[in-house]
Amino acid sequence: MTFSDAIRTCFAKFFTFSGRASRPEYWFFFLFIVIWSFIAGVIDWQFFAQVATTQTDEIKQVTATSNQPVQSIVGLIVFIPHLAVAWRRMHDTGRSGFFALLPILLIVGAFAVLIFGIGLASHFQHGGSLDILFTRATLLIVIPTLLVLFVSPLLVLWWLTRPSQPGTNQYGPNPTEVAQ
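Just so it is clear, the model here is predicted, and its values are computed rather than measured. The residue numbers shown here count from 1 along each chain, following its written sequence. The model is predicted, so local features are restricted to residues of pLDDT at least 70 and side-chain atom pairs to those at 80 or more, both for listing and for counting; the totals for chains, interfaces and linings are taken over all residues. Side-chain figures throughout are based on the complete set of non-hydrogen atoms in the structure, without hydrogens or water.

A. Structural context of the overall build of the protein chain. Helix and strand labels come from DSSP, where a helix needs a run of H or I of at least four residues and a strand needs a run of E of at least two; each type is numbered from the N terminus. From N to C terminus, the protein chain includes six helices and two strands. What you see in the protein chain, going N to C, is helices and strands ordered as α-α-β-β-α-α-α-α. By residue count, 28% of the 180 residues in the protein chain fall in the buried class. Here a residue-residue contact requires only that any non-hydrogen atoms of the pair lie within 4.5 Å. Contacts spanning at least 24 positions in sequence make up 67% of the contacts within the protein chain whose residues lie at least 6 apart. Whether a residue is buried, partly exposed or exposed follows from its accessible area with a 1.4 Å probe, protein chains only, as a fraction of its type maximum: under 20%, in between, or over 50%, in that order.

Okay, structure coming up:
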């Protein structure tokens, strides 16, 4: 599969979460996203950046900021097709597509533990035994969660780089064998 074939396929399968996607299909589309995000960033900095200059006695400070509207639009356009091709890529390696969402689900879980654990602790008398208990219990849960949160994107990246399962698996025929 060529670069342009991968882009056409991913946009043609915009909402297709079933089936399988080959490594070239996923990684060429990922490269397309990186290139367009870079181009959008350059456009944002060229046309939407605001420059502020602050001067004190001896120091002159220049700050440039941008709301990045073009990058936001590019991100919105490619979010669903990128999620769909990652989902199909996981299928190609024999895994459920939900594994592509693993880091996001862990982030949501970590924030839920923090919010509910510390929020629950704040309902008790500050410095009391239940306050300390809930705060420490929350930290005991959050610390391993943060470790897993750090490792999970690397695991998902490793899965995305794995070769296709040969032959037909539960998600369909091997895309490289069908294309030949």
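Right, picking up where we left off after that structure.
B. A look at a nonpolar patch on the surface. On the surface, Phe3, Leu31, Ile35, Trp36, Phe38, Ile39, Val42, Ile43, Phe47 and Phe48 cluster together to form a nonpolar patch covering roughly 920 Å² of accessible area. With eight residues, helix H2 (residues 23-47) is the largest single contributor of residues to the nonpolar patch. Counting through the fold element by element, Ile43 comes out in helix H2. Patches here: salt-bridge-free residues with over 30% relative accessible area, like charges joined within 9 Å, nonpolar side chains (Val, Leu, Ile, Met, Phe, Trp, Tyr) joined within 5 Å. Where accessible areas are quoted, they stem from the Shrake-Rupley method and a 1.4 Å probe; at the residue level, only the protein chains shown are allowed to cover. Salt bridges are defined as contacts in which a side-chain nitrogen from Lys or Arg sits within 4 Å of a carboxyl oxygen from Asp or Glu.

C. Structural context of the packing of aromatic side chains. Two aromatic rings from Phe, Tyr or Trp, using only the six-membered ring of Trp, form a pair when their centres are within 6.5 Å; if the ring planes differ by under 30 degrees the pair is stacked, by over 60 it is edge-to-face, and anything between is tilted. Under the defined criterion, the tally for this structure stands at 13 aromatic pairs. When the centroid spacing of 4.8 Å and the interplanar angle of 90° are considered together, the rings of Tyr26 and Trp27 count as edge-to-face. Judged by centre distance (4.9 Å) and plane angle (65°), the rings of Trp87 and Phe98 are edge-to-face. With Trp87 in helix H3 (residues 69-92) and Phe98 in the loop between H3 and helix H4 (102-121), this residue pair connects regions lying 11 residues apart in the sequence. Look at Phe98 and you get exposed, because its relative accessible area is 55%. In this structure an aromatic cluster arises from ring pairing among Phe11, Phe14, Phe15, Phe29, Phe32 and Trp36.

D. Region of the structure containing the nonpolar core. Within this scheme, the nonpolar core is defined by two criteria: the residues are buried Ala, Val, Leu, Ile, Met, Phe, Trp, Tyr or Cys, and they are joined through side-chain atoms within 4.5 Å. With 15 residues, the main nonpolar core has Phe29, Phe32, Val85 and Met90 as its most contacted residues. For this core, the secondary structure elements donating two or more residues are helix H1 (3-12), H2, H3 and helix H5 (129-161). In this view, Val85 contacts Cys10, Ala21, Glu25, Tyr26 and Phe29; residues no more than four positions away in its chain are not counted.

E. Structural view of the pairing of strand E2 (residues 60-66). Two strands are counted as paired when DSSP detects at least two bridges linking them. Inspection of the sheet shows strand E1 (residues 49-55) paired to E2 by seven bridges, in the antiparallel sense. The residue bridging Gln50 from the neighbouring strand is Thr65, located in E2. Adjacent in sequence and paired antiparallel, E1 and E2 are bridged by four residues.

F. Spotlight on the side chain of Asn169. Along the chain, Asn169 turns up in the loop between H5 and helix H6 (175-179). A distance of 3.4 Å separates the side chain of Asn169 from the side chain of Arg20, its partner in a polar contact. Among residues more than four places away in sequence, those in contact with Asn169 are Arg20, His91, Asp92 and Gly94. Polar contact criterion, stated in full: a pair of N or O atoms within 3.5 Å, where within protein one must be able to donate a hydrogen and the other to accept it, and residues adjacent in sequence count only if both atoms are side-chain atoms.

G. Layout of the layout of surface pockets. Its volume calculated, the largest pocket comes out at about 280 Å³. Buriedness of a pocket was judged along seven lines, with at least five required to meet protein on both sides within 12 Å; pockets are open sets of points on a 1 Å grid over the protein atoms alone, cavities are sets where a 1.4 Å probe fits but cannot get out, and lining residues have an atom within 4 Å of a point. Taken together, 13 residues form the lining of the largest pocket, with Tyr26, His82, Ala86, Ala100 and Val156 sitting closest to its centre. Listing elements by their share of the lining of the largest pocket, those giving two or more residues are H2, H3, H4 and H5. At five residues, the largest contribution of residues to the lining of the largest pocket is made by H3. Under this grouping Gly is polar, as are all residues other than the nonpolar Ala, Val, Leu, Ile, Met, Phe, Trp, Tyr, Cys and Pro and the charged Asp, Glu, Lys and Arg. The class makeup of the residues in the lining of the largest pocket is 12 nonpolar, one polar and no charged. Grid points are joined across faces, edges and corners, and a volume is the space filled by probe spheres set on the points.

H. How the structure looks around H2. For H2, built from 25 residues, the straight-helix expectation of 36 Å at 1.5 Å per residue is met to within 8% by its first-to-last C-alpha distance of 36 Å. All of the buried residues along H2 are Glu25, Tyr26, Phe29, Phe32, Ile33, Ala40, Gly41 and Asp44. Expected span, for any helix, means 1.5 Å times one less than how many residues it has.

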